[in-house]
Every structure is written in C-alpha cells, then in structure tokens.
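Residue-level structure breakdown
Chain by chain, the residues run as shown.
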Amino acid sequence: MLPIVVWLGIAAFVYFIYNPVVAAVEGGLFLAFFLLGFTLRRRSGHSPKCSLYGATGGVLDKSMVGF
C-alpha cells in the first residue's frame, strides 16, 4: 500500500507545483515499466493473472528501493 501512496503523492505534488505534463510523464514511466514487466512475465510462461500481479508488484517494489 505504501508504494501506491508514494507514487500518488509524488504525482499530486508535481502536478500542483510544476505542471500537469510532468505528472503525465511520471504516469507514462509507471505504465512503461508495468508493460515491460508484464510482457517479460508472459514470455517466460506465466499466466495473465500472475503476470498482472507480478508486474504491478515489481514496479512498486523497485520504485521503493531508494526509500
């Protein structure tokens, strides 16, 4: 739960302080890494459900490395 709150907090912060475009770029990075993880898991033979959960968890886990 904490990684989701951190991602949303950063997106809200950059939306209000900088520009909505910066928040969109952040969301695009999240989506790109999610799709990469999903694709790699599907190619290695995981089910769609497993790939969905694994890609989401992987993006959120790797994004919290610095915290």
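Our subject is the structure listed above.
Overview of the structure. (Residues numbered from 1 in each chain as written. Predicted model: local features only at pLDDT ≥ 70, side-chain atom pairs only at ≥ 80, totals over all residues. Heavy atoms only, no water.)

1. Concerning the overall build of the chain
When helices and strands are tallied, the chain shows three helices and zero strands. Helices (α) and strands (β) of the chain occur, in sequence order from the N terminus, as α-α-α. Within the span of the chain, comprising 67 residues, buried residues form 19% of the whole. Of the roughly 4,900 Å² of accessible surface on the chain, 74% is carried by carbon and sulfur atoms. (Helix = DSSP H or I, 4+ residues; strand = E, 2+ residues; numbered from the N terminus. Buried < 20%, exposed > 50% of the residue type's maximum accessible area, 1.4 Å probe, protein only. Areas by Shrake-Rupley, 256 points an atom, 1.4 Å probe, with all protein chains shown as cover.)

2. A short note on the packing of aromatic side chains
One pass over the structure, following the stated rule, counts three aromatic pairs. Between the aromatic rings of Tyr15 and Phe16, the centroid separation amounts to 5.2 Å while the plane-to-plane angle is 85 degrees, which identifies the pairing as edge-to-face. Measuring from centroid to centroid gives 6.3 Å for Phe34 and Phe38, while their planes differ by 25 degrees, and the two rings are stacked. Taken together, the residues Phe34 and Phe38, both in helix 2 (residues 20-43) and four residues apart, mark about one turn of the helix. Judged by relative accessible area, Phe38 falls into the partly exposed class, the value being 25%. (Phe/Tyr/Trp six-rings, centres within 6.5 Å; stacked < 30°, edge-to-face > 60°.)

3. Quick look at the pattern of salt bridges
Tallying each qualifying case throughout the model produces one salt bridge. Between Lys62 and Asp61 there is a salt bridge whose closest N-O contact spans 3.7 Å. (Salt bridge = Lys/Arg side-chain N within 4 Å of Asp/Glu carboxyl O.)

4. Points about the environment of Trp7
Here Trp7 is to be found in helix 1 (residues 2-17). With 52 residues separating them along the chain, Trp7 and Val59 place their C-alpha atoms 11 Å apart. Apart from the residues lying within four places of it in its own chain, the contact partners of Trp7 are Glu26, Phe30, Leu60 and Ser63. (Contact = heavy atoms within 4.5 Å.)

5. Focus on a nonpolar patch on the surface
Taken together, the side chains of Phe13, Tyr15, Phe16, Ile17, Tyr18 and Val22 make up a nonpolar region of the molecular surface, amounting to roughly 700 Å² of accessible area. With four residues, helix 1 is the single largest residue contributor to the nonpolar patch. (Patch = residues over 30% accessible without salt bridge, like charges linked within 9 Å, V, L, I, M, F, W, Y side chains within 5 Å.)

6. A look at helix 3 (residues 48-63)
Every α-helical turn comprises 3.6 residues, leaving residues that sit three or four positions apart pointing alike. Between the first and last C-alpha of helix 3 there are 22 Å, a value that for 16 residues agrees with the 22 Å anticipated at 1.5 Å per step. Within the sequence span of helix 3, burial applies to Ser51, Ala55, Gly58, Val59 and Leu60. The elements touched by buried residues of helix 3 are helix 1 and helix 2. (Expected span 1.5 Å × (residues − 1).)

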